[in-house]
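Chain residues, written in single-letter form:
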Amino acid sequence: AELLRGRRELAVAAANEALALSKAMPARFLAARLLAEAGALDAARPIAQTLADDLAVEPHAHGLILQGMIALKEGKGRDAVKILTEANTQLDTWFGHFELGRAYLEAKAYPEAEGEFDRCLARRGEVLSLMDEGATFGYLPPAYYFQGRVREELRVTGFANSYREYLKIRGGSTEDPLGADVRRRAGNSTMTRTRPSAS
C-alpha cells in the first residue's frame, strides 16, 4: 500500500518489519519482492541468493524469480529473461510468468511478453490466494496494465480494453501512480491498428 502511494521509505520499512516477524519462505519472498520493487536492491539481493541456494524446488525457484526481478531493475532485460525462464522451468508459478512477461517487455520481445501476461490473466484465480497468504487480488491489476502495454506495442486492435479492465479495478483510486498513464493510454485507442485483437 505504501509503495502504491509512492512512499518508498515506508514501504521498505514495512518489508523489513515483515522479515523480522517471519522467516517463512512466502513472507521472505513477498518482502524481498517489495524491496526490489522499491529499488532497495542491496536489501533484496541476499534474500534472493539465500532462497536460490536452497536445494528444495520451491524456495530455489522463488529465489530465481527475485534474482530475475533484480536483473530487470538493473536494466538487464535479457539476463532477466534467462533467469526467469529457468525459474519457470523449475516451478510453474503465477509470479514467475508475470515477471517473465515484464522482462520480455523490457527486452522488446513483445509476442513473448503478450503470451506471459495472457497466461497470467487466464490463471487469474491463482492470484486470489498466492503462496498461501490469503486473498491477494491486488497483484492482478498490473497484469492488465502490462498486457495493454504489450498489445499497444504490437498494434493490436482493442489494446485499450486491457487498460479499461485495469480501471474497472483501480479506477477509483486517487493514489495509484499508474492511474494517469493508464487513462492516457486508454484514451489513445483511435490510432490505426494492424493486428486483430486476440480476445
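Residues numbered from 1 in each chain as written. Predicted model: local features only at pLDDT ≥ 70, side-chain atom pairs only at ≥ 80, totals over all residues. Heavy atoms only, no water.

Chemist: Quick question: what am I supposed to make of the overall build of the protein here?
Modeler: On a plain count of helices and strands, the protein comes out with eleven helices and zero strands. Scanning the protein from its N terminus toward the C terminus, one meets helices and strands in the order α-α-α-α-α-α-α-α-α-α-α. For the protein, with 199 residues in total, the buried portion stands at 48%. Within the structure as shown, the protein displays about 9,800 Å² of accessible surface, and the carbon and sulfur contribution to it stands at 53%. (Helix = DSSP H or I, 4+ residues; strand = E, 2+ residues; numbered from the N terminus. Buried < 20%, exposed > 50% of the residue type's maximum accessible area, 1.4 Å probe, protein only. Areas by Shrake-Rupley, 256 points an atom, 1.4 Å probe, with all protein chains shown as cover.)

Chemist: Please explain helix α1 (residues 8-21) as it appears in this structure.
Modeler: An α-helix turns once per 3.6 residues; consequently, residues spaced three or four apart project the same way. The end-to-end C-alpha separation of α1 is 20 Å, in line with the 20 Å expected for 14 residues at 1.5 Å each. Restricting attention to buried positions, one finds in α1 the residues A11, V12, A15 and L19. Down the axis, α1 shows its buried residues gathered within 100 degrees of arc, on one side only. Across from the buried face of α1, at angles greater than 90 degrees, the exposed residues are E9, E17, A20 and L21. (Expected span 1.5 Å × (residues − 1). Arc of directions from axis to C-beta.)

Chemist: Whenever I open this one, the packing of helix α4 (residues 57-73) against helix α6 (residues 94-106) confuses me. Can you help?
Modeler: To characterise two packed helices, one gives the angle between the axes of the helices and the distance between these axes. Between α4 and α6, the shortest axis-to-axis distance is 10 Å and the interhelical angle comes to 20 degrees. Looking at the two axes, α4 sits roughly parallel to α6. Like other packed secondary-structure pairs, α4 and α6 cross with a definite hand, here left-handed. Mapping the contact onto sequence places I65, M69 and L72 in α4 and F95, G96, E99, R102, A103 and E106 in α6. (Axes fitted to C-alpha atoms, helices over the stretch in contact; angles between N-to-C directions. Parallel < 35°, antiparallel > 145°, perpendicular 65-115°, else oblique. Left-handed = near helix turned anticlockwise from the far one by under 90°. Contact = heavy atoms within 4.5 Å.)

Chemist: I tried to follow the pattern of salt bridges on my own but got confused; where do I start?
Modeler: When the charged atoms of two side chains with opposite charge come close together, those side chains can pair. Taken as a whole and judged by the stated rule, the model has 16 salt bridges. For D92, the salt bridge identified is with R123, shortest N-O distance 3.0 Å. Here the residue D92 occupies a position in the loop between α5 (77-90) and α6, and R123 occupies one in the loop between α7 (110-122) and α8 (124-127), the gap between them amounting to 31 residues. A relative accessible area of 49% means that D92 is categorised as partly exposed. Between R123 and E126 there is a salt bridge, and its shortest N-O distance comes to 2.6 Å. (Salt bridge = Lys/Arg side-chain N within 4 Å of Asp/Glu carboxyl O.)

Chemist: Please clarify how the nonpolar core should be interpreted in this entry.
Modeler: Grouped burial of nonpolar side chains is what soluble globular proteins tend to show. The biggest cluster of nonpolar side chains holds 56 residues, and the ones touching the most others in it are F29, L35, L66, W94, F98 and V150. With near-sequence residues (within four places) excluded, L66 lies in contact with F29, A32, R33, A48 and L51. (Core = buried A, V, L, I, M, F, W, Y, C linked by side-chain atoms within 4.5 Å.)

Chemist: What should I look at first to understand the packing of α4 against α5 in this one?
Modeler: The contact between α4 and α5 brings their axes to 8 Å, and the two run at 165 degrees. In terms of axis orientation, α4 runs roughly antiparallel to α5. The handedness of the crossing between α4 and α5 comes out as left-handed. For the pair formed by α4 and α5, the contact residues are V57, H60, A61, L64, I65, Q67, G68, A71 and L72 on the first element and G77, D79, A80, I83, L84, E86, A87 and Q90 on the second. Of the residues assigned to the contact of α4 with α5, the class counts are ten nonpolar, five polar and two charged. (Nonpolar A, V, L, I, M, F, W, Y, C, P; charged D, E, K, R; others polar.)

Chemist: How should the side chain of R170 be read in this particular structure?
Modeler: One can find R170 in helix α10 (residues 160-170). Residue classification places R170 among the buried residues on the basis of a relative accessible area of 16%. Setting aside chain neighbours within four positions, we find R170 in contact with L4, G138, P141, P142 and D176.

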